[in-house]
Amino acid sequence: MALTNRPRTVSRYGTAAGTGTLAAFLLVAVGGSPTYVGWAQDHTDPTGAGGWFLRLLAWPAWRWHADEGLLTANLRPILLIVAAAALLYLLPGPQVGRVAASGSQFLSGWGAYALAAGVAGLLATLLGPGGTLYAAFQVASAGVTYGFFAGWIVGLASLGGRA
């Protein structure tokens, strides 16, 4: 066996689920940061499409200091990242044997993030203090809206990785 034909032990590209999870983490870390949330509330117009979208990116808001406890205040962004990672690893599995197309990776990443945002909103409200089923449905609806409009970023990040 020639020296140039050695098998690679480390791949140059990550998995689609890994890059999608990194994108989800960055969306939550940057878009949900107190600095961004404050900026979006103060400097965007909620009646315009651009301002609405920039405010929507702040949906998974997290805080460093909270009166009700750090875990309770940050349950939604934590659940969003965990659910997105789990769904990104689970959804493309059945597709690997049939098709390895980029469109499939893109749609899997986008759909996984939209579903993860809805699930995170629902569970965070139900597990939080004083959460009602009606409030959980409303927050899940807002989460799915967030996931639909921001999930394409996760879908793009999932492109090109191994399934």
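So, here's what we can say about the structure. The structure presented is a predicted model; accordingly, all values stated were derived computationally and were not measured.

Looking at the overall build of the protein chain
- From N to C terminus, the protein chain includes 7 helices and 0 strands.
- For the protein chain, the succession of helices and strands along the chain, N to C, is α-α-α-α-α-α-α.
- Out of the 163 residues belonging to the protein chain, those deemed buried represent 36%.
- Sequence separation of 24 or more characterises 71% of the internal contacts of the protein chain that already satisfy a separation of 6 or more.
- When the accessible surface of the protein chain is split by element, carbon and sulfur atoms take 69% of a total near 9,500 Å².

A closer look at the nonpolar core
- If you look at the biggest cluster of nonpolar residues, it comprises 25 residues, and the most contacted ones within it are L27, L80, Y113, A116, Y146, A150 and V154.
- Apart from the residues lying within four places of it in its own chain, the contact partners of A150 are L27, L57 and Y113.

A short note on the packing of aromatic side chains
- Scanning the model with the defined rule gives 8 aromatic pairs in all.
- Here Y36 and W39 contribute two aromatic rings whose centre-to-centre distance is 5.8 Å and whose plane-to-plane angle is 35 degrees, an arrangement assigned as tilted. With Y36 and W39 both in helix 2 (residues 34-43) and 3 residues apart, this pair spans about one turn of that helix.
- An aromatic cluster is built from W52, F106, W110, F148 and F149, whose rings are joined through pairwise contacts.
- The lysine or arginine in question, R76, covers the ring of W59, its NZ or CZ lying 4.5 Å from the ring centre.

Looking at helix 7 (residues 133-158)
- At A150, helix 7 shows its strongest bend, of approximately 50 degrees.
- Residues of helix 7 that are buried in the fold lie against helix 1 (16-31), helix 3 (49-56), helix 5 (75-90) and helix 6 (102-127).

Cut-offs applied
- Residues numbered from 1 in each chain as written.
- Predicted model: local features only at pLDDT ≥ 70, side-chain atom pairs only at ≥ 80, totals over all residues.
- Heavy atoms only, no water.
- Helix = DSSP H or I, 4+ residues; strand = E, 2+ residues; numbered from the N terminus.
- Buried < 20%, exposed > 50% of the residue type's maximum accessible area, 1.4 Å probe, protein only.
- Contact = heavy atoms within 4.5 Å.
- Areas by Shrake-Rupley, 256 points an atom, 1.4 Å probe, with all protein chains shown as cover.
- Core = buried A, V, L, I, M, F, W, Y, C linked by side-chain atoms within 4.5 Å.
- Phe/Tyr/Trp six-rings, centres within 6.5 Å; stacked < 30°, edge-to-face > 60°.
- Lys NZ or Arg CZ within 6 Å of the ring centre and 35° of its normal.
- Bend = angle between axes of the 7 residues up to and from the residue.

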